Amino acid sequence: MFLRMLGESFVRQRRRKLLAGLAILLGTTAVTAMLALATTIGDRIHRELAVYGANITVYPKADTLDVKIGGQTLRPTTGGVYLHASDLEKLHGIFWANNITGLSPELDSSISLGKLDSVPPSPVPAAGFWFQHNFGDAKVKLITGATQLHPWWKLQGSAPQGSGQIVLGATLAKSLKVGIGDRLMVLGVSDVADPVTVTGILTTGDATEAKAIFELSTLQQYADLPDAVSRVDVSARTKPEDAFARKDPDTLSPKQRDLWYCRPYANSIAYQIREAIPGAAAEQVRQVEQSEGTILERISGLMWLVSAAAMLAAAVAVSAAMATAVLERRTEIGLMRSLGASKVRIASLFYSEAGLLALLGGIVGYGIGSLLAALLTARIFGEQSGITLRVAMAHAFNPALLPVVLGIALLVAIAGSTASIRSALRMDPSAVLRNNA
Amino acid sequence: MKMVSEAQRQHAEAMLEGAAPVIELLGVSRVYPSRSGVVHALNDASFTIGASEWVAITGPSGSGKSTLVNLLGCLDTPTAGTLRIDGTEVHTMGGGDLDRFRADKVGFIFQQFHLIPYLSALENVMLAQYFHSMTNESDARAALDRVGLSHRAEHLPSELSGGEQQRVCIARALINDPPILLADEPTGNLDAANQRIVAEILAELHANGHTIVMVTHDPEMAALAQRKIALSHGKVFCHPVSNVVKLSQ
Ligand SMILES: Nc1ncnc2c1ncn2[C@@H]1O[C@H](COP(=O)(O)OP(=O)(O)OP(=O)(O)O)[C@@H](O)[C@H]1O
Ligand SMILES: [Mg+2]
């Protein structure tokens, strides 16, 4: 009976309820968009960014003559100082080890390369990478490598697997006039000649396109640099950089330093990597992250304001709608009283109606708000950071937000209708049922 | 075999005990504040109504008839005096208890029916069950059948004639089998034919032992009652002694 009453009376006074519902919808849309931007999307996009590229780069400490342009480190291939690939295992032991989502060591060197029939082979720059390398340990599974850390690379064919296989940068392949499946002769530093098969052509959009690319260990052999690595790109899940993140840990008080250390800032993780790997320097790669952090900060203040205003407006609209609704139905309320209905039961009927309205408005508002958040994210971060509308959409709907948003909608509806419901119950039933009422 | 209703039981008891009063007023007043002092809607009323009595309340407009009925139905509380209904001093009772008491003891029949417009006839009757205890569709249908409306059970009030609406209202009033029926001008909005139907239903309810207090302007209706209580300016000024004992013999 209660449900029947609720259902039937819910569809009455449609215009008024539509208005109140719309107000709730707008309010929850704003709140959802705000919450999604402030929490979920920010978070998830960072995770996504980690997948979209490195945010920390590690290189030998002595090698400080780096020139960084647009996040790419340009350096002479004859650095002379190397990291040890075997030391990378130590990354499993750092505080934020679990936040490391990808790792790509690179060895830059040069080899001589020529066609099988042409003599002699000419020297070309070479790079060794991990491809599909198992960097997991007992606790975590992690298959990682160059293609994960450089998602914009386009590899035609397949990655080199061990000795005997080579991938050519697109420009190198062009100048050698060779394609996938062709066989070449490689001459290493120890003058050992090896025939190799071209398994792929790599387009990177940078200097790597001119290089001969090998599996890391293969190039270490040819270059006679066992265990050597020129640099390592790391992608880690990080907390957006804030003022605290930029602090120099060595100037902080011990307590503050602990706090800094235990937050997954890119800076803290880089610091931990420096600690773990002997002779290593590690730095945050500043891509979109920084600007992104401040934008989020800037808009979230505004969004809070808009959301609060929207919810307040919703509460006012609900209370206006409920006031007239209750006024129109005062004889109905009087009648229920005459049938012995307690105030609590009548109140619960009206509250349920308001609650239902809130749930409906809230659910739709949640949907629209999530889409809005996705739209805003795609707009703010832009395509170049790899966050297309599709990516943003995929992350916009956070189920954890739904109960929060519905809770807020319910609260607003209840707050908005309390005054009129109370006044309805204060009405004298004998007066409203009076003959001339 | 038919179940013995609460009203019938009371009726039987009343006959045994010699008409124990079901309603007792002792110096009951209801005063409304107004801009020019106060309005004595009901002024120092004292009388009793016996179980199973059918009483008509008459008087000019504004004499306090509706005020009296609302007091008897515990929709309103007296500003002074003692009001005892079915042995309970209701003027001392609080809101929640009054709601319960009202659901149990009285059924209202209104001049303008006060049916819920979006519920069917059947559901309007079931609403009274819902607020009383539990809904029971077959009981509700039986109540509609009793007022000759079983074929209109699924209709909305707007699809019913005035007379039919009033019969739904009566079915609703008696669905919980209250001992007391309060009717404020039950035929005020009805034509002669429908008035007759309602009168017949009330007569039947009276015969079944319900106590009926009926406000009416209509002398014909008033004549059906066993006793008249006349009101003027809030004062009860004429109430021939109860003849319930005489009649029920
Ligand atoms: N809520 C109220 N506030 C102030 N005065 C009231 C109120 N209700 C009733 N009155 C006054 O009390 C008096 C009695 O009213 P009541 O409705 O009982 O009369 P009635 O006999 O039922 O009249 P009618 O035959 O027109 O229905 C009237 O003078 C009315 O103006
Ligand atoms: Mg009246």
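Reference entry: report on the structure contained in this document. (Residues numbered from 1 in each chain as written. Chains lettered and ligands numbered in written order. Predicted model: local features only at pLDDT ≥ 70, side-chain atom pairs only at ≥ 80, totals over all residues. Heavy atoms only, no water.)

1. A few points about the overall build of chain A
Counting its secondary structure elements, chain A contains 13 helices and 16 strands. For chain A, buried positions account for 50% of its 437 residues. Considering only contacts within chain A whose residues lie at least 6 apart along the sequence, 76% involve residues at least 24 apart. As displayed, chain A has an accessible area near 20,100 Å², and 61% of this comes from carbon and sulfur atoms. (Helix = DSSP H or I, 4+ residues; strand = E, 2+ residues; numbered from the N terminus. Buried < 20%, exposed > 50% of the residue type's maximum accessible area, 1.4 Å probe, protein only. Contact = heavy atoms within 4.5 Å. Areas by Shrake-Rupley, 256 points an atom, 1.4 Å probe, with all protein chains shown as cover.)

2. Side note on the nonpolar core
Grouped together as the largest cluster of nonpolar side chains are 102 residues, with contacts concentrated most on Leu 25, Leu 127, Leu 144 and Leu 202 of chain B. For this core, the element with the highest residue contribution is helix 4 (residues 121-132) of chain B, accounting for eight residues. Not counting residues up to four positions away in its chain, the partners in contact with Leu 202 of chain B are Trp 54, Ile 109, Pro 186, Ile 212, Met 214 and Met 221 of chain B. Ile 56, Trp 96, Ala 126 and Ala 282 of chain A belong to the second-largest nonpolar core, a separate cluster that totals 47 residues. (Core = buried A, V, L, I, M, F, W, Y, C linked by side-chain atoms within 4.5 Å.)

3. Some words on the packing of helix 5 (residues 137-146) of chain B against helix 6 (residues 162-174) of chain B
Residue and element names in this part refer to chain B. Contact geometry of helix 5 with helix 6 gives a least axis separation of 9 Å together with a crossing angle of 130 degrees. The angle between the axes of helix 5 and helix 6 places the two elements in the oblique class. Viewed along their axes, helix 5 and helix 6 form a crossing whose handedness is right-handed. Residues Ala 143, Leu 144 and Arg 146 of helix 5 pack against Val 168, Ala 171 and Leu 174 of helix 6. For the contact of helix 5 with helix 6, the per-class residue count stands at five nonpolar, no polar and one charged. (Axes fitted to C-alpha atoms, helices over the stretch in contact; angles between N-to-C directions. Parallel < 35°, antiparallel > 145°, perpendicular 65-115°, else oblique. Left-handed = near helix turned anticlockwise from the far one by under 90°. Nonpolar A, V, L, I, M, F, W, Y, C, P; charged D, E, K, R; others polar.)

4. Things to note about the interface of chain A and chain B
At the interface, 26 residues of chain A touch 29 residues of chain B. Both sides together, the interface formed by chain A and chain B hides about 2,600 Å², and carbon and sulfur atoms give 57% of it. Counting the contacts that link chain A with chain B gives one salt bridge. If you look at where chain A meets chain B, you find seven residue pairs in polar contact (both at pLDDT 80 or more). Secondary-structure elements contributing two or more residues to the side of chain A that touches chain B are helix 1 (2-10), helix 9 (330-338), helix 10 (343-381) and helix 13 (429-433) of chain A. When residues of the side of chain A that touches chain B are assigned to their parent elements, the largest contribution, six residues, is made by helix 9 of chain A. Class assignment for the residues of the side of chain A that touches chain B results in nine nonpolar, seven polar and ten charged. (Buried area = accessible area lost by both parts, 1.4 Å probe. Salt bridge = Lys/Arg side-chain N within 4 Å of Asp/Glu carboxyl O. Polar contact = N/O pair within 3.5 Å; in protein donor to acceptor, adjacent residues only side chain to side chain.)

5. Observations regarding the pairing of strand 15 (residues 231-236) of chain A
All names here are of chain A. The buried fraction of strand 15 amounts to six of the six residues, a majority that puts the element mostly inside the structure. Because side chains alternate across strand 15, one face comprises the buried residues Arg 231, Asp 233 and Ser 235, and the other comprises Val 232, Val 234 and Ala 236, equally buried. Bridge analysis of strand 1 (residues 56-60) against strand 15 gives three bridges, and the strand direction is antiparallel. Across the sheet, Thr 57 pairs through a bridge with Asp 233, a residue of strand 15. Alignment of strand 5 (residues 100-115) against strand 15, held across six bridges, turns out to be antiparallel. Opposite Ile 100, over in strand 15, you have Ala 236 as the bridge partner. (Pairing = 2+ DSSP bridges.)

6. Remarks on the packing of aromatic side chains
Throughout the structure, instances matching the rule amount to eleven aromatic pairs over all chains. Ring centres of Trp 130 of chain A and Phe 135 of chain A lie 5.8 Å apart, and the angle between their planes is 40 degrees; this geometry places the pair in the tilted category. For the pair formed by Trp 130 of chain A and Phe 135 of chain A, the shared burial category is buried. Relative to Tyr 222 of chain A, the ring of Phe 214 of chain A has its centre 5.4 Å away and its plane inclined at 65 degrees; by these criteria the two rings are edge-to-face. In this structure, Phe 214 of chain A and Tyr 222 of chain A share a single accessibility class: buried. Through successive ring pairs, a cluster of aromatic residues spans Phe 95, Trp 96, Trp 260, Tyr 261 and Tyr 271 of chain A. A cation over a ring is seen here: Arg 345 of chain A above Tyr 130 of chain B, with NZ or CZ 4.5 Å from the ring centre. (Phe/Tyr/Trp six-rings, centres within 6.5 Å; stacked < 30°, edge-to-face > 60°. Lys NZ or Arg CZ within 6 Å of the ring centre and 35° of its normal.)

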